[in-house]
Amino acid sequence: MTIRKKNHSEAIFPRIEKLPETRLAGLNCKMSLVENRTRELWQSFMPQLGQVPNRMSAELYAVDIYPDLAYFRAFDPNRRFIKWAAVPVQSWEDMPGKFDKLVLPEGLYAVFRYRGTPADVAPFYRRILEERLISSTYQLDNRPHLAVMGAAYKGNHPESEEDLWIPVRPHGEQGTIS
């Protein structure tokens, strides 16, 4: 099945990647889609970015940790989840206490390239979950969801690009987190 992005001619085809265990340092907060604090979180984190030691790359990680897979089956925009603004680090040695620490567990991810503004990402994400994964040999897994923003990320520019990492496992396998 081919899914077309609104206003774009590119089809949505993921690559499957195994993410190794990854250490992150950053800030996090609880929010819901109705009570979205993403902008506030990043505005708090970015001025402090230079104070994070042991960075592995210039990439930025937006991480969403949902309470369970029921979050997606019985969708409620008021339901809360944890959002992170973070960067990958080699170690937490000499990490200032103001930064929180997160370990992303090793696992498979379907990685989708998204091009567009943050305001347009929700329909793209919904199509991945409701159409693309259902027709694949993978199912959603209960691990953190990632948006990895590298050199092609341009914020609110319509040609901005980022990679959406959706945790998956082969159909029939038990989840990594219950």
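Note: the structure precedes this text.
Rules used in this analysis
Residue numbers here run from 1 along each chain, matching the order of that chain's written sequence. In keeping with the predicted nature of the model, local features appear solely for residues at pLDDT of at least 70, side-chain atom pairs appear and are counted solely at 80 or more, and the whole-chain, interface and lining totals rest on all residues. Side-chain measures here rest on the full set of heavy atoms in the structure, leaving out hydrogens and waters. Geometry of aromatic contacts follows a simple scheme: Phe, Tyr and Trp rings, the Trp one being its six-membered ring, pair when their centres are within 6.5 Å, and the pair is stacked under 30 degrees between planes, edge-to-face over 60, tilted otherwise. By the criteria applied, helices consist of DSSP H or I runs no shorter than four residues and strands consist of E runs no shorter than two, each listed in order from the N terminus. Exposure is judged per residue with a 1.4 Å probe applied to protein chains only, and the accessible area is read against the type maximum: over 50% gives exposed, under 20% gives buried, and values in between give partly exposed. Both a distance and an angle decide whether a charge sits over a ring: NZ of Lys or CZ of Arg must be within 6 Å of the ring centre and within 35 degrees of the ring normal. In this text, buried Ala, Val, Leu, Ile, Met, Phe, Trp, Tyr and Cys residues form a nonpolar core when linked through side-chain atoms within 4.5 Å. A contact between two residues is defined here by any heavy atoms of the two lying within 4.5 Å.

K.L.:
Which residues make up the packing of aromatic side chains, and what values do they have?
P.N.:
Tallied over the full model, the rule gives 10 aromatic pairs. Summarising the aromatic geometry, the rings of Trp-42 and Phe-45 are spaced 5.9 Å apart at their centres and angled 75 degrees between planes, so their arrangement reads as edge-to-face. In this pair, Trp-42 and Phe-45 both sit in helix α1 (residues 38-45), three residues apart, roughly one turn of the helix. Here the two residues Trp-42 and Phe-45 agree in accessibility, since each one is buried. Their ring planes at 40 degrees and their centres at 4.5 Å tell us that Tyr-66 and Tyr-71 sit as a pair that is tilted. Each member of the pair, Tyr-66 as well as Tyr-71, carries the same accessibility label: buried. An aromatic cluster of at least three residues, connected via ring pairs, comprises Tyr-66, Tyr-71, Phe-72, Phe-75 and Phe-81. Cation over ring: Arg-23 sits above Trp-92, and NZ or CZ is 5.6 Å from the ring centre. The ring of Tyr-109 has Arg-143 lying over it, and the distance from NZ or CZ to the ring centre is 4.7 Å.

K.L.:
So what's going on with the nonpolar core? Which residues, and what values?
P.N.:
Phe-45, Val-52, Ile-128 and Ile-166 are the most contacted members of the largest nonpolar core, which has 35 residues in total. Of all elements in the fold, only β2 (22-31), α1, β3 (60-65), β4 (81-88), β6 (107-115), α3 (121-132), β8 (145-149) and β9 (161-170) reach the threshold of two or more residues within this core. Setting aside residues no more than four positions away along its own chain, Phe-45 makes contact with Ala-25, Gly-26, Leu-27, Val-52, Ala-85, Ala-86, Val-87 and Phe-99. Of all hydrophobic cores here, the second largest spans 13 residues; its members include Leu-24, Tyr-61, Val-63 and Leu-146.

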